[in-house]
Amino acid sequence: DDDARLDHVIIYATMGLGARAQHAVRGLRRTYMKGGVGELQLAIAGVGALHDLRALDGGQANGIQKLLGPPGGATSWTTSTPFVPPRHLKKRGRSSLIAQVEEELAVRGCPPVNVDVLEWTGETLALRHFVRRRVRGPQPPVDAGFGVRLRFERPVAGPICLGYGCHFGLGRFSAELTVSDAEWE
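Residues numbered from 1 in each chain as written. Predicted model: local features only at pLDDT ≥ 70, side-chain atom pairs only at ≥ 80, totals over all residues. Heavy atoms only, no water.

Caption draft 1: Seen up close, the nonpolar core. Counting residues in hydrophobic clusters, the biggest one holds 19 residues, and the most contacted among them are Trp77, Leu105, Leu150, Phe152, Ile160 and Leu162. Elements that contribute at least two residues to this core include exactly β3 (74-79), α4 (97-107), β4 (113-117), β5 (148-156) and β6 (173-176). Residue contributions to this core peak at 4 residues, all from β5. When sequence neighbours within four positions are dropped, the list of residues in contact with Phe152 reads Ala74, Thr75, Trp77, Leu105, Cys110, Pro111, Pro112, Val113 and Ile160. (Core = buried A, V, L, I, M, F, W, Y, C linked by side-chain atoms within 4.5 Å. Buried < 20%, exposed > 50% of the residue type's maximum accessible area, 1.4 Å probe, protein only. Helix = DSSP H or I, 4+ residues; strand = E, 2+ residues; numbered from the N terminus. Contact = heavy atoms within 4.5 Å.)

This is the structure we're talking about:
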């Protein structure tokens, strides 16, 4: 609902969720919030495929459109949550920031991309407030997040999540509808 507060969780798996995984998800009843706020109650609001999400209207429709992009995909995507590099950063080579983004996309079968690292202004400044480290367990190689824009040669469908912690919501990208994307709808 664009209020910058977490109020829905979407669980997405490209290969789908088997019976055991679905049972585990359905068994979740509560989780905890940062800062000792207390328990957060959980309830499943729906189960389905990506096209089922697109059919939703109301408060979630705009957020879902940004997460998935238009039905034909989008050529331009921008970070909604900071991209945290999965490896230590180097100035050049395969461990540079741009090369790490490109490699993450190549592993996911995405077409060639131009990667722009965004300056820290306006919208991107909000990315600095995201939690990028775990309380316990493995830590990111670099405690730094970046704003990134992806420009693909051809439209790519979302969701796109990349980098360290992408399975927890870091490195999530939102589609930017461009004039060239409009012809794909």
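Once you've had a look at it, read on.
Caption draft 2: Inspection of unusual backbone geometry at higher detail. For the bond running from Gly158 to Pro159, omega is 5°, close enough to zero to count as cis. Residue placement: Pro159 occurs in the loop between β5 and β6.

Caption draft 3: Region of interest: the environment of Gly48. Within the fold, Gly48 resides in the loop between β2 (39-41) and α2 (50-54). Sequence-wise, Gly48 and Tyr12 are 36 residues apart; in three dimensions their C-alpha atoms are separated by 9.9 Å.

Caption draft 4: Here's a closer look at the sheet that holds β6. Read from one edge of the open sheet, 4 strands run β4-β5-β3-β6, paired in antiparallel fashion. Since the sheet does not close on itself, it has two edges, and those belong to β4 and β6, each with one partner. Strand-to-strand twist of the sheet, defined as the mean angle between neighbouring strand axes without regard to direction, takes the value 25°. Looking at chain direction, β3 and β6 are connected through 4 bridges and run antiparallel. When the sheet's bridge partners are listed, Thr78 is paired in β6 with Ser174. Across the sheet, helix α3 (residues 61-68) lies against β3 and β6, angled at about 95° from β6, the strand it touches most. (Pairing = 2+ DSSP bridges. Axes fitted to C-alpha atoms, helices over the stretch in contact; angles between N-to-C directions.)

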